[in-house]
Amino acid sequence: MRTEYGLKFMTAGLLAMGLVACESATTPADTGLPIDDIALIAADAALEDLSFMAGIQITQPSALAMDGRGGMERSRSVTWFDEADNEMDRPDALLTASVHYESSVLGSMSRDRWSASVERSRSMTVSGLLGEEVTRTFDGTGSEHHTRSRMSDESGTRSFEMSGSSVITAVVRAVDRAAQPWPLSGSIRRELSAQVTNGPNGDQNRARVTVLTFNGTQFATLLVDGEAFEVDLAARDGDRGVNRRGRSGG
């Protein structure tokens, strides 16, 4: 039987995806964080999720591994399972049916006008590996917490702390990423809460949900309190990567 894995850290940047949202795009005073801010943080979390998926290698060692790439401290452990869900000592190209990953990330990041210190963790299973697979399916959960979060623009600087959880559901990706680099289907749902400091209405706590849905193209749909945004899955670190539907540019 598969072992239940506990998550190591409460994470924030990534899972910020479901973060606190305002009642509407025109009432940012509800949380002190305009809905565009929420979408930006949620998009960053989604892009980090996809980066993690893309970096998974079935033959990675099962022992705990750590590195400091990109100024982030990362750790992970890997366990393989056969078709009967029995744990395997080592991976097999044809007999391994699924892989379970535990991972954590700790460090600082920034994107566009947002910066934060972030802790994240994930518990993820990759299935569909049996035989000569064409696609792989990703399912899992995550948690996050981030501090020293700052959002700056022409309206001023907003500071806040965030925590949350995420659920990755049936995100299907092609094995041949050169032919199909974008997720074919599936979604990432995030529930987040924010503690806003010195917002328009003073100090406030809020919780909201965001959902990102993939469709096989470079542009995925993000819903934040019913407001639709387009997330560019090709966005690089530091890029904005998200725009309200019907709006172009930054």
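Residues numbered from 1 in each chain as written. Predicted model: local features only at pLDDT ≥ 70, side-chain atom pairs only at ≥ 80, totals over all residues. Heavy atoms only, no water.

### Here's the deal with the pairing of strand S10 (residues 219-224)
How we decide: Buried residues are those whose accessible area, probed at 1.4 Å on protein chains only, stays under 20% of the maximum for their type, while exposed residues exceed 50% and partly exposed ones sit between those limits. Per the convention used, a helix needs a DSSP run of H or I reaching at least four residues, while a strand needs a run of E reaching at least two, with both numbered from the N terminus. Two strands pair if DSSP finds at least two bridges between them.
In S10, alternate side chains face the same way, and those of Ala220, Leu222 and Val224 are buried while those of Phe219, Thr221 and Leu223 on the opposite face are not. Taken together, the six bridges between S10 and strand S11 (residues 227-232) define a ladder with antiparallel strand orientation. The residue of S11 that forms the bridge with Phe219 is Asp232. From the end of S10 to the start of S11, which pair antiparallel, there are two residues, and Asp225 there has a positive phi angle of about 50°.

### Notes on the side chain of Ser143
Definition in use: Polar contact criterion, stated in full: a pair of N or O atoms within 3.5 Å, where within protein one must be able to donate a hydrogen and the other to accept it, and residues adjacent in sequence count only if both atoms are side-chain atoms.
You can see Ser143 is positioned in strand S6 (residues 135-153). Of the polar contacts made by the side chain of Ser143, one reaches the side chain of Ser121; its length is 2.9 Å.

### Remarks on helix H1 (residues 35-55)
Stated formally: Each residue after the first adds 1.5 Å to the expected span of a helix.
Between the first and last C-alpha of H1 there are 31 Å, a value that for 21 residues agrees with the 30 Å anticipated at 1.5 Å per step. Within H1, 18 of the 21 residues are buried, which leaves the element mostly enclosed by the surrounding structure.

### Remarks on the packing of aromatic side chains
The geometry of an aromatic ring pair is captured by the separation of the ring centres together with the interplanar angle, meaning the angle of the planes. As a reminder, the rule being used: Two aromatic rings, drawn from Phe, Tyr or Trp (for Trp, its six-membered ring), form a pair once their centres lie within 6.5 Å of each other, and the interplanar angle then sorts them: stacked below 30 degrees, edge-to-face above 60, tilted otherwise. Definition used: whenever NZ (Lys) or CZ (Arg) falls within 6 Å of the ring centre and also within 35 degrees of the ring normal, the charge is taken to sit over that ring.
Inspection of the entire model under this criterion finds one aromatic pair. Ring plane angle 85° and centroid distance 6.4 Å describe the contact between Phe52 and Tyr101, whose orientation is recorded as edge-to-face. Taken together, the residues Phe52 in helix H1 and Tyr101 in strand S4 (residues 98-111) connect sequence positions 49 residues apart. Over the aromatic face of Phe52 sits the side chain of Arg122, whose NZ or CZ is 4.7 Å from the ring centroid.

### Examining the pattern of salt bridges
This is how it is decided: By salt bridge we mean one thing: a side-chain nitrogen of Lys or Arg within 4 Å of a carboxyl oxygen of Asp or Glu.
In this structure the tally under the stated criterion is ten salt bridges. Notably, a salt bridge pairs Arg122 with Glu48, separated by 1.8 Å at the nearest N-O pair. Of this pair, Arg122 sits in strand S5 (residues 114-127) while Glu48 sits in helix H1, and the two are 74 residues apart along the sequence. Several salt bridges converge on common partners, so that one network encompasses Asp44, Glu48, Asp49, Arg120, Arg122, Glu144 and Arg190.

### Here we look at the confidence of the model for the chain
Here is the rule: Residue-level confidence of the predictor is what pLDDT reports, using numbers from 0 through 100. The contact definition used throughout considers only heavy atoms, calling two residues in contact when any of these lie within 4.5 Å.
Residues with a pLDDT of 70 or more make up 72% of the chain, whose mean pLDDT is 76. Of all helices and strands in the chain, the one with the weakest mean pLDDT is strand S1 (residues 65-67) (50), whereas S10 scores best (95). Counting contacts from residues 1-31, a segment whose pLDDT is below 50, to residues more than four positions away or on other chains yields 149 contacts.

### Concerning the environment of Leu222
Locating Leu222 in the fold gives a position in strand S10. Separated by 21 residues in sequence, Leu222 and Asn243 place their C-alpha atoms 9.7 Å apart.

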